[in-house]
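Listed below are the residues making up each chain.
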Amino acid sequence: MALQQWDAWKESIIESTGLSPATIFTIVALAVAFYYAISGFFPSSDHAHHQRSRDFEEQTQVLPPPVQLGEVTEDELKEYDGSDPKKPLLMAIKGQIYDVSQSRMFYGPGGPYALFAGKDASRALAKLSFEEKDLTGDISGLGAFELDALQDWEYKFMSKYVKVGTVKQAVPVNDGQANDKTIEATDGEAKPAEDDASGSAKPLEDDGPSKGSEAGADAPSETAAAESVVKSEADVDKKD
Ligand code: HEM
C-alpha cells in the first residue's frame, strides 16, 4: 500500500518537474549546504544580537563612582588620559577637573577628542582648536567670543560630569576675586603677577582652582571669569 503510494508520488514528481526524486533530493541538499556555507560569512542575527548586547553592556558598564582627587598637578592629570583602563578618564576646563569616564567613546584612546583627555583643554575648547599648542589651561590673550565659548563648554561639563578636583598651578597668579587676598597681601610690596605677559607662567583661570571651589558652588564665580580678567588688567593699569 505504502509502496504504491510512493510509486504514485514519484511518478507525479517526475511528471510535474521532469526530474527524478534523486535529482530533486540532490538539489535540495546542495541548496541547504550552500545556504549554510554563505550564512557562515555573516554573523547570525543571534550572534549579532549577543555582540550588540555585549557592546551595550560594555558601554553601560557600571562605572565606579568618581573619586575626588583634590589638587593635582598637570603631570599627575596626564595619568588619567585613558591609557590605563583601570583609571578614570579625566579632563579639565579652567583648572576644574571633571571625570569624563562615561564618555570614553569621545575621550578614550582612539576617540575623536582623546587629545583632550588628561589635560586642561581650556584654550583648545575656547578656540575650537585641536592644535597641540592649544592643549593648555592657559587662556591668556583670548578674545571675548572665545571666553564665551569656553564658558559654554564649562557649563556643559558642569552639568554633565562630576568635578573631581582642580589643577594645581605651577605659579599662583592673581587674576580673579578668589585671589584678592593674595593681591592684598602683596599690595604695595610687589606688583601682581604678570599673568599675560609671557606664556611661561600658567595663569590661574578665573576663581582659582584652589580649595573651597566645590562642585555646584562654581557657577556664579565662573561667570565672573571674563570680568575678573578685565579687572586684573585694570589693576595692573592702575599700578602702572
Ligand atoms: C566638524 C566639526 C565638528 C563636528 C561635526 C562635531 C561633532 C560633535 C558631536 C556630534 C558631538 C557629540 C555631541 C553629544 O552627543 O553630546 C561632539 C562632541 C564634542 N565635541 Fe565636537 N564636533 C566638531 C568640532 C569640534 C571642535 C573643533 C571641538 C573642540 C576643539 C569639539 C569638541 C567637542 C567635545 C569636547 C565634545 C564632547 C562633549 C561632551 O563631553 O559631551 N568638537 N562633537
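Under an unreviewed UniProt entry, the name given to the protein chain is Cytochrome b5 heme-binding domain-containing protein, and the organism recorded is Solanum chilense. Check the Subcellular location (unreviewed entry) section of the UniProt entry for the protein chain; it says "Cell membrane". In its Sequence similarities (unreviewed entry) section, the UniProt record describing the protein chain reads: "Belongs to the cytochrome b5 family. MAPR subfamily."

Enquirer: A description of the coordination of the iron atom of the ligand should follow, citing residues and the corresponding values.
Expert: When a metal holds four donors in a tetrahedron, each ideal angle between them is 109.5 degrees; when it holds six in an octahedron, the ideal angles are 90 or 180 degrees. There is one protein donor for the iron atom of the ligand, and it is Tyr-113 (OH), at 1.9 Å. Locating Tyr-113 in the fold gives a position in the loop between α5 (104-107) and α6 (122-127).

Enquirer: Account for the packing of aromatic side chains, with residues named and values stated.
Expert: In this structure the tally under the stated criterion is nine aromatic pairs. With centroids separated by 5.1 Å and ring planes inclined at 50°, the aromatic side chains of Phe-157 and Tyr-161 adopt a geometry described as tilted. Given a relative accessible area of 6%, Tyr-161 falls into the buried group. Joined through ring pairs, the aromatic side chains of Tyr-98, Phe-106, Tyr-107, Tyr-113, Phe-116, Phe-130, Phe-157 and Tyr-161 make up one cluster.

Definitions and cut-offs
- Residues numbered from 1 in each chain as written.
- Predicted model: local features only at pLDDT ≥ 70, side-chain atom pairs only at ≥ 80, totals over all residues.
- Heavy atoms only, no water.
- UniProt positions renumbered as here; feature names shortened; annotations may be inferred.
- Donors = N, O, S within 2.8 Å, 3.2 Å for Na, K, Ca; no water.
- Helix = DSSP H or I, 4+ residues; strand = E, 2+ residues; numbered from the N terminus.
- Phe/Tyr/Trp six-rings, centres within 6.5 Å; stacked < 30°, edge-to-face > 60°.
- Buried < 20%, exposed > 50% of the residue type's maximum accessible area, 1.4 Å probe, protein only.

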